[in-house]
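Each chain is listed here by its residues.
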Amino acid sequence: ISMMLLPALRFVIKGSLAGTAVYVAYDQGLLGSGTQGAEALKKAQAALPPAIQEWTSYIGWELPPTPKFDFSPSNSWNKGVQTVMSALSVAPTRACEYTVEGWRYVKDLVK
């Protein structure tokens, strides 16, 4: 009976951990708009280094200082959207150019 109960227990534990992770992400605003995500990231960047420092001092480990990142999710998102839209706007022109080049290549092969 214990062999049958072990997989079910693992499933319940993994499911609860996944559910908790989704709930925390939602509660902190990570699943909201880009502005909410940026604010949640700023809060995490402010809270994590002191928490990690406290945890490592409690255990007795010494970690190197954390690197500073200047990363804005909303700016990265906007840059990605601009890049995709730029590629889509020139796609018809590029398709025509590639078609003409392809026909020229085929004509040259047939000659």
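By the naming in an unreviewed UniProt entry, the protein is MICOS complex subunit MIC13, taken from Pterocles burchelli. Listed in UniProt under the heading Subcellular location (unreviewed entry), the comment for the protein reads: "Mitochondrion inner membrane". Its UniProt record, at the heading Function (unreviewed entry), says of the protein: "Component of the MICOS complex, a large protein complex of the mitochondrial inner membrane that plays crucial roles in the maintenance of crista junctions, inner membrane architecture, and formation of contact sites to the outer membrane."

**Details of the overall build of the protein**
Check the secondary structure of the protein and you find three helices and zero strands. Order of helices (α) and strands (β) in the protein, N terminus to C terminus: α-α-α. The proportion of buried residues among the 111 residues of the protein is 5%. Here the protein has roughly 10200 Å² of accessible surface; of this, 67% comes from carbon and sulfur atoms.

**Some words on the confidence of the model for the protein**
Residue-level pLDDT values for the protein average 79, and 86% of them are 70 or greater. Within the protein, the element-level pLDDT minimum falls on helix H2 (residues 34-59), averaging 74, and the maximum on helix H3 (residues 73-110), averaging 84.

**A short note on a nonpolar patch on the surface**
Together, Trp103, Tyr105, Val106, Leu109 and Val110 give the surface a local cluster of nonpolar side chains, amounting to about 600 Å² of exposed area. By secondary structure assignment, the location of Val106 is in helix H3. By relative accessible area, which is 40% here, Val106 ends up partly exposed.

Scoring rules and cut-offs
Residues numbered from 1 in each chain as written. Predicted model: local features only at pLDDT ≥ 70, side-chain atom pairs only at ≥ 80, totals over all residues. Heavy atoms only, no water. UniProt positions renumbered as here; feature names shortened; annotations may be inferred. Helix = DSSP H or I, 4+ residues; strand = E, 2+ residues; numbered from the N terminus. Buried < 20%, exposed > 50% of the residue type's maximum accessible area, 1.4 Å probe, protein only. Areas by Shrake-Rupley, 256 points an atom, 1.4 Å probe, with all protein chains shown as cover. pLDDT = per-residue confidence, 0-100. Patch = residues over 30% accessible without salt bridge, like charges linked within 9 Å, V, L, I, M, F, W, Y side chains within 5 Å. Salt bridge = Lys/Arg side-chain N within 4 Å of Asp/Glu carboxyl O.

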